[in-house]
Amino acid sequence: AGHINDTYLVKTTANGGKKQYILQRVNNSIFKDVPRLMNNIKLVTEFARKTVIERGGDPDRETMKLIPSKDGNVFWTDGENYFRVYLFIEDSAAYQIAENPEIFYQSAVAFGRFAAMLADFDASLLYESIPQFHDTKKRFNDLLNAIEENKAGRKDSVKAEIEFALARKEMTGKIVDKLASGEIPSRVTHNDTKLNNVLFDAKTNKALAVIDLDTIMPGSTCYDFGDSIRFGCNTAAEDEPDLDKVDFSLELFDVYAKGYLSELKGCLTESELDNLSLGAIMMTYECGIRFLEDHLRGDVYFRTSRENHNLDRARTQFKLVSLMEKRLPEMQAIIRKYAK
Ligand code: GN1
Ligand code: MG
């Protein structure tokens, strides 16, 4: 269900037809240097594998395993397209919405544990696969350019959304500036921590593996925590056209904060704890302006499957931003409760 790469399930007749694989065509208009991106993923999955083995887990189910091509690389290219193959993780499930609190709690533990693991990973080995990925100030400027260019001629039909986005300009620097000054530490982070980037064991519903490692690079826990909240505390789908169904669940926020901090609280600084809730608003706002920008540009970045798909997505995000803004003090109190 990703919006960027093309993903296929491959069934083979080898090994008695038992083994299945995931084949992906990597979007190389978005990921400009696929060989370096793949080197990141190789390093991180090898590191994760070691950690899982040390914990006594099953590395073929709890991390992704890249299958090399015949020339020994972890990708294959015809010069134009780039493909990669992973072992398919059998008997697993993914969720597009937090169907129940336990699932969301499990994802929080998985992402918290993943972040704790990455704390020991050497950031200097990583290539920045998308520069300024969560630089909200840059994202704001990208939106301004898209409004100015009005490529798809849609500007006049989205006045309310544009106004909503522009009214929050002063918020855009609130995390980036602290990261730049060092007040919030830079860490190796996942940067795309949606619920559907975790695989669950289909039998036990326990979280198995964190997937979608394309954006692992230096970032902030405020973003990773925030992106999980953005996606998982929404009572509806990210692209729900009926905004009456979109609500922000503070109960689910509590559940996620509990799970995430159970794995990480000793590792986080006071400034991170202070900014986790703002990170949730920021990531939701940032994602909203990215969807709106793409709508204005004529849907060139995120995969769409219906008219106004990106606009529907932008609207759900903006509704969530308004709801979260009202609940910020309660969100902060919940963080403090579990940080003790
Ligand atoms: C994209 O690839 P996917 O669908 O997991 C996007 C994220 C957005 C997300 C919104 C590389 O993630 O940044 O938050 O869509 N990934 C990239 O659902 O831009
Ligand atoms: Mg994904």
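A brief look at the structure comes next. Every chain is numbered on its own, with residues counted from 1 as its sequence reads. Ligands are numbered from 1 and chains lettered from A, in the order in which they are written. Given that this is a predicted model, residues contribute local features only at a pLDDT of at least 70 and side-chain atom pairs are listed and counted only at 80 or more, while totals for whole chains, interfaces and linings are drawn from all residues. For the side-chain quantities, the full set of heavy atoms in the structure was used; hydrogens and water were omitted.

### What to know about the sheet that holds strand S8 (residues 207-210)
Backbone hydrogen bonds are what pair the strands of a sheet, in a parallel or an antiparallel way.
Here is step 1: Two strands pair under a simple rule: DSSP has to find at least two bridges between them. Where helices and strands are cited, they refer to DSSP runs of H or I of at least four residues and of E of at least two residues respectively, numbered from the N terminus. Across the sheet, 3 strands lie side by side as S5-S7-S8; this open sheet has antiparallel pairing. The open sheet is flanked by strand S5 (92-93) and S8, the only strands paired with a single partner.
Here is step 2: As paired strands, strand S7 (residues 198-201) and S8 are joined by 3 bridges and run antiparallel to one another. Its bridge partner lying in S8, Leu199 is registered against Ala209.
Here is step 3: In this analysis, two residues are considered to be in contact whenever any of their non-hydrogen atoms come within 4.5 Å of each other. Axes, fitted as lines to C-alpha atoms, cover a helix only where it is in contact. Angles between the N-to-C directions of the axes lie from 0 to 180 degrees. Of the strands in this sheet, S7 and S8 touch helix H4 (residues 101-118), which is tilted by about 120° from S7.

### So, the site of ligand 1
Here is step 1: Throughout this document, a residue counts as near a molecule or strand when at least one of its heavy atoms sits within 4 Å of that molecule or strand. Contacts to ligand 1 come from 18 residues, most closely from His3, Lys194, Asp212, Glu238 and Tyr301.
Here is step 2: We call two N or O atoms a polar contact when they sit within 3.5 Å, provided that within protein one can donate a hydrogen and the other can accept it, with sequence-adjacent residues counted only if both atoms are side-chain atoms. At 3.5 Å, a side-chain N or O of Asn197 approaches an oxygen atom of ligand 1.
Here is step 3: With a 1 Å grid laid over protein atoms only, a set of points is called a cavity when a 1.4 Å probe fits there but cannot get out and a pocket when it is open yet has protein on both sides within 12 Å along at least five of seven lines; lining residues have an atom within 4 Å of a point. Cavity and pocket membership follows a simple rule, namely that a molecule belongs there if more than half of its atoms are within 2 Å of the grid points. If you map ligand 1 onto the pockets, it falls in the largest pocket.
Here is step 4: With 3 residues, the single largest contributor to the shell around ligand 1 is helix H10 (residues 270-297).

### With respect to empty space enclosed by the protein
It is the rolling of a water-molecule-sized probe over the atoms that shows where space remains empty.
Here is step 1: Grid points are joined across faces, edges and corners, and a volume is the space filled by probe spheres set on the points. Taken as a whole, this structure holds 1 cavity of 30 Å³ or more when the rule is applied.
Here is step 2: Taken as a whole, the largest cavity spans an internal volume of roughly 30 Å³.
Here is step 3: Counting residues per element, the lining of the largest cavity draws most heavily on H4, at 3 residues.
Here is step 4: Each residue gets one label: Ala, Val, Leu, Ile, Met, Phe, Trp, Tyr, Cys and Pro are nonpolar, Asp, Glu, Lys and Arg are charged, and the others, such as Gly, are polar. For the lining of the largest cavity, a count of residues per class yields 4 nonpolar, 2 polar and 1 charged.

### Regarding the coordination of the magnesium ion (ligand 2)
Here is step 1: The rule for donors is simple: N, O or S, within 2.8 Å of the metal, or within 3.2 Å if the metal is Na, K or Ca. Water isn't counted, so a site may look like it is missing partners. Every protein donor of the magnesium ion (ligand 2) is listed here as Asn197 (OD1) and Asp212 (OD), and their distances to the metal cover 2.3 Å. Of this pair, Asn197 sits in the loop between strand S6 (187-189) and S7 while Asp212 sits in the loop between S8 and strand S9 (217-219), placing them 15 residues apart in sequence.
Here is step 2: Three labels apply to residues, based on accessible area from a 1.4 Å probe with only protein chains included: buried if under 20% of the type maximum, exposed if over 50%, partly exposed otherwise in between. You can call Asn197 buried: its relative accessible area is 5%.

### A short note on the sheet that holds strand S4 (residues 82-87)
Here is step 1: Within the open sheet, the 4 strands sit side by side as S1-S2-S4-S3. Their pairing is antiparallel. Since the sheet does not close on itself, it has two edges, and those belong to strand S1 (6-11) and strand S3 (76-77), each with one partner.
Here is step 2: Summarising the sheet, strand S2 (residues 20-26) and S4 pair through 6 bridges and their orientation is antiparallel. Paired with Arg25 across the strands is Phe83, a residue of S4.
Here is step 3: Across the face of the sheet, helix H2 (residues 34-54) comes into contact with S2 and S4 while running at roughly 15° to S4.

### Some words on the side chain of Arg290
Here is step 1: Looking at where Arg290 falls in the secondary structure, it is placed in helix H10.
Here is step 2: Counted charges follow a simple rule, with Lys and Arg positive, Asp and Glu negative, and His plus the chain ends left uncounted. Should a side-chain nitrogen of Lys or Arg be within 4 Å of a carboxyl oxygen of Asp or Glu, the pair is scored as a salt bridge. Buried charge without a salt bridge: Arg290, with Glu286 as the nearest opposite-charge side chain at an N-O distance of 4.6 Å.
Here is step 3: When neighbours within four sequence positions are excluded, Arg290 is seen to be in contact with Phe133, Arg139, Tyr301 and Phe302.

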